[in-house]
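Notes for the structure review
Take a look at the letters that make up each chain.
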Amino acid sequence: MFVVCDNGLRCFKPPCPARDVVLLPSGKRLPRTDAALDRLTDAERKRVNDVSGTYYGSIVFGGEIDSGQGPPVTARRIIRDATKTEAALCRNRR
(Lines give C-alpha, C1' and ligand atoms only; values in the text may rest on other atoms or scores of the structure.)
Protein backbone atom coordinates (compact mmCIF):
# COMPACT_ATOMS: atom_id res chain seq x y z
CA MET A 1 0.00 0.00 0.00
CA PHE A 2 1.20 3.49 -0.72
CA VAL A 3 0.26 7.13 -1.22
CA VAL A 4 1.65 9.42 -3.91
CA CYS A 5 2.65 12.98 -3.02
CA ASP A 6 3.79 16.12 -4.78
CA ASN A 7 7.38 16.80 -3.69
CA GLY A 8 7.54 20.44 -4.73
CA LEU A 9 9.91 20.03 -7.68
CA ARG A 10 8.94 21.82 -10.86
CA CYS A 11 10.38 21.00 -14.27
CA PHE A 12 10.47 22.57 -17.70
CA LYS A 13 10.68 19.36 -19.71
CA PRO A 14 10.08 15.65 -19.04
CA PRO A 15 10.91 13.46 -17.36
CA CYS A 16 9.94 15.37 -14.26
CA PRO A 17 10.46 13.73 -10.86
CA ALA A 18 7.76 15.82 -9.17
CA ARG A 19 6.25 13.02 -7.08
CA ASP A 20 7.29 10.84 -4.15
CA VAL A 21 5.77 7.51 -3.19
CA VAL A 22 5.35 6.84 0.53
CA LEU A 23 4.97 3.21 1.55
CA LEU A 24 2.39 2.31 4.18
CA PRO A 25 2.49 1.52 7.02
CA SER A 26 6.28 2.00 7.28
CA GLY A 27 6.33 5.59 6.02
CA LYS A 28 9.40 4.83 3.88
CA ARG A 29 9.68 7.45 1.14
CA LEU A 30 10.73 6.65 -2.42
CA PRO A 31 11.82 10.13 -3.48
CA ARG A 32 11.37 11.38 -7.03
CA THR A 33 9.29 8.34 -7.91
CA ASP A 34 5.89 8.52 -9.54
CA ALA A 35 3.40 5.67 -9.70
CA ALA A 36 2.18 4.41 -13.06
CA LEU A 37 -1.61 4.70 -13.02
CA ASP A 38 -2.36 3.02 -16.35
CA ARG A 39 -3.51 -0.22 -14.65
CA LEU A 40 -6.33 1.60 -12.84
CA THR A 41 -9.80 1.55 -14.32
CA ASP A 42 -11.09 4.66 -16.07
CA ALA A 43 -13.36 5.35 -13.09
CA GLU A 44 -10.42 5.06 -10.66
CA ARG A 45 -8.26 7.41 -12.76
CA LYS A 46 -11.12 9.91 -12.86
CA ARG A 47 -11.42 9.70 -9.06
CA VAL A 48 -7.67 10.32 -8.69
CA ASN A 49 -7.94 13.40 -10.94
CA ASP A 50 -11.08 14.70 -9.22
CA VAL A 51 -9.47 14.73 -5.75
CA SER A 52 -5.85 15.43 -6.77
CA GLY A 53 -5.04 12.01 -5.35
CA THR A 54 -1.38 12.12 -6.39
CA TYR A 55 -0.81 15.63 -5.06
CA TYR A 56 -1.91 15.52 -1.44
CA GLY A 57 -1.60 11.79 -0.76
CA SER A 58 -5.34 11.56 -0.27
CA ILE A 59 -5.77 8.08 -1.80
CA VAL A 60 -4.19 4.81 -0.71
CA PHE A 61 -3.21 2.64 -3.66
CA GLY A 62 -2.42 -1.04 -3.87
CA GLY A 63 0.11 -2.18 -6.40
CA GLU A 64 3.61 -3.34 -7.09
CA ILE A 65 7.09 -2.06 -6.44
CA ASP A 66 9.64 -3.26 -8.96
CA SER A 67 13.35 -2.61 -8.72
CA GLY A 68 13.87 -3.82 -12.31
CA GLN A 69 13.01 -2.20 -15.62
CA GLY A 70 10.02 0.03 -16.24
CA PRO A 71 8.13 2.19 -13.78
CA PRO A 72 9.32 1.29 -10.28
CA VAL A 73 5.82 1.62 -8.79
CA THR A 74 2.59 0.54 -10.46
CA ALA A 75 -0.82 1.25 -8.94
CA ARG A 76 -3.21 -1.62 -9.61
CA ARG A 77 -6.21 -0.41 -7.60
CA ILE A 78 -7.50 2.20 -5.19
CA ILE A 79 -7.83 0.68 -1.75
CA ARG A 80 -9.43 3.57 0.16
CA ASP A 81 -9.17 7.21 1.11
CA ALA A 82 -6.05 8.00 3.13
CA THR A 83 -6.38 8.81 6.81
CA LYS A 84 -5.21 12.23 7.99
CA THR A 85 -2.10 10.59 9.44
CA GLU A 86 -1.28 8.85 6.16
CA ALA A 87 -1.80 12.03 4.12
CA ALA A 88 0.40 13.94 6.60
CA LEU A 89 3.31 11.68 5.61
CA CYS A 90 3.38 13.67 2.37
CA ARG A 91 4.19 16.84 4.25
CA ASN A 92 6.93 15.16 6.29
CA ARG A 93 9.85 15.22 3.84
CA ARG A 94 12.66 13.82 5.95
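Residues numbered from 1 in each chain as written. Predicted model: local features only at pLDDT ≥ 70, side-chain atom pairs only at ≥ 80, totals over all residues. Heavy atoms only, no water.

Digging into the overall build of the protein
- A tally of regular secondary structure across the protein gives 2 helices and 6 strands.
- In sequence order, the secondary structure elements of the protein are arranged as β-β-β-β-α-β-β-α.
- Computed over C-alpha atoms, the radius of gyration of the protein comes to 12 Å, within 12% of the 12 Å expected from 2.2 N^0.38 for 94 residues, which places it in the range of a compact globule.
- Across its three principal directions, the C-alpha atoms of the protein cover 30 × 30 × 25 Å.
- Here the protein, with 94 residues, has 37% of them falling under the buried criterion.
- Across the protein, the fraction of contacts at a sequence separation of at least 24, relative to all contacts at a separation of at least 6, is 46%.
- Positive and negative side-chain charges in the protein, numbering 17 and 11 respectively, have mean positions lying 6 Å apart. (Helix = DSSP H or I, 4+ residues; strand = E, 2+ residues; numbered from the N terminus. Rg over C-alpha atoms; globule rule 2.2 N^0.38 Å. Buried < 20%, exposed > 50% of the residue type's maximum accessible area, 1.4 Å probe, protein only. Contact = heavy atoms within 4.5 Å. Lys, Arg positive; Asp, Glu negative; His and termini not counted. Charge placed at Lys NZ, Arg CZ, Asp CG, Glu CD.)

Some details on the pattern of salt bridges
- Applying the stated criterion across every chain yields a total of 8 salt bridges.
- Measuring nitrogen to oxygen at the nearest pair gives 2.3 Å for the salt bridge that ties Arg47 to Asp81. Within this pair, whereas Arg47 is found in helix α1 (residues 42-50), its partner Asp81 is found in strand β6 (residues 73-81), the two being separated by 34 residues in sequence.
- One network of salt bridges, with partners in common, ties together Asp6, Arg10 and Arg19. (Salt bridge = Lys/Arg side-chain N within 4 Å of Asp/Glu carboxyl O.)

Observations concerning the pairing of strand β1 (residues 2-6)
- Burial of β1 is extensive: 5 of the 5 residues sit out of reach of the surface.
- Here β1 shows a buried face lined by Phe2, Val4 and Asp6 and a second buried face lined by Val3 and Cys5.
- Sheet topology places β1 next to strand β2 (residues 19-23); 5 bridges connect them, and they run antiparallel. Its bridge partner lying in β2, Val4 is registered against Val21. (Pairing = 2+ DSSP bridges.)

Looking at the pairing of β2
- Most of β2 is tucked away: 4 of the 5 residues are buried.
- Between β2 and strand β3 (residues 29-30), which pair antiparallel in sequence order, lie 5 residues; one of them, Gly27, sits at a positive phi of approximately 80°.

Fair warning: the whole summary comes from geometry, so function is off the table for now.
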